[in-house]
Amino acid sequence: MTNTLTLQELKSHLWGSANLLRGSIDSSDFKNYIFGLLFYKRLSDVFDEEYADLEKKVGPDLAKIRICTPAFTAPKGVPGRTSSIHR
């Protein structure tokens, strides 16, 4: 006999697990986490777009060389600024 979960039961279990992990955090505090995740997602998407453009220009073998990969530079005044961030 196999136990199968319906999609609705799975969603219910996942939502309950998220509520347990979240604890008593106020919903307005989530913006601090969400904005950081959105920024990271955008940074990742832009890197992937630039890397795909680089692959089109120079080919996949040359694009893998670290010196050819896109670099992101943080503006002056950003705490923890490094000269560039590589993949």
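Our structure is the block above this text.
What counts, and where the lines are drawn
Sequence order sets the numbering: in each chain, residues are counted from 1 along the sequence as written. Per-residue local features are limited, in this predicted model, to residues with pLDDT of at least 70; the limit for side-chain atom pairs, both in listing and counting, is 80 or more; totals at the level of whole chains, interfaces and linings are taken over all residues. Water and hydrogen atoms were dropped before computing side-chain values, which therefore reflect all heavy atoms in the structure. Helix and strand assignments follow DSSP, with helices taken as H or I runs no shorter than four residues and strands as E runs no shorter than two, numbered in order from the N terminus. In this scheme, a residue with accessible area under 20% of its type's maximum is buried, one over 50% is exposed, and one in between is partly exposed, where area comes from a 1.4 Å probe on protein chains only. Any two residues having at least one pair of non-hydrogen atoms within 4.5 Å are treated as being in contact. Note on areas: Shrake-Rupley with a 1.4 Å probe; residue coverage comes only from the protein chains shown. Expected span of a helix: the number of residues minus one, times 1.5 Å. Stacked, edge-to-face and tilted are the three classes for Phe, Tyr and Trp ring pairs, Trp counted by its six-membered ring, which pair at centre distances within 6.5 Å; planes under 30 degrees apart are stacked, over 60 edge-to-face, the rest tilted. Within this document, salt bridges are pairs made up of a side-chain nitrogen of Lys or Arg and a carboxyl oxygen of Asp or Glu, the two lying within 4 Å of each other.

So what exactly am I meant to see when it comes to the overall build of the chain here?
A count of helices and strands for the chain gives 3 helices and 0 strands. Taking all 87 residues of the chain together, 10% fall into the buried category. Contacts in the chain between residues at least 24 apart in sequence constitute 15% of all its contacts with a sequence separation of at least 6. Carbon and sulfur atoms make up 61% of the accessible area of the chain, which totals about 7,700 Å².

Would you take a moment to explain helix H2 (residues 30-58) for this structure?
For the α-helix, the turn length of 3.6 residues means that residues three or four positions removed from each other point alike. Given a rise of 1.5 Å per residue, 29 residues ought to cover 42 Å, and the 42 Å separating the end C-alpha atoms of H2 matches this to within 8%. Listing the buried residues of H2 in full gives Val46, Phe47, Tyr51 and Leu54. Lining the buried residues of H2 we find helix H3 (60-63). Of the residues flanking the end of H2, it is Gly59, one or two places downstream, whose phi is positive at about 95°.

I'm lost on the packing of aromatic side chains in this one. Help?
Working definition: an aromatic ring pair is given by the centre-to-centre distance plus the angle between the planes. Per the counting criterion, the structure on display carries 1 aromatic pair. Ring geometry for Phe47 against Tyr51: centres 6.2 Å apart, planes inclined by 10°, an arrangement best described as stacked. With a gap of 4 residues between them, Phe47 and Tyr51 both fall in helix H2, about one helical turn apart. Exposure class is identical for Phe47 and Tyr51. Each is buried.

Would you take a moment to explain the pattern of salt bridges for this structure?
As a working rule, side chains carrying opposite charge can pair if their charged atoms are close by. Counting across every chain of the model gives 1 salt bridge. Across the pair Asp45 and Lys41 runs a salt bridge, and its minimum N-O distance is 2.8 Å. Residue Asp45 and its partner Lys41 are both found in helix H2; the two are separated by 4 residues, about one turn of the helix. Overall, the relative accessible area of 25% leaves Asp45 in the partly exposed class.

That is the geometry; function is a separate question.
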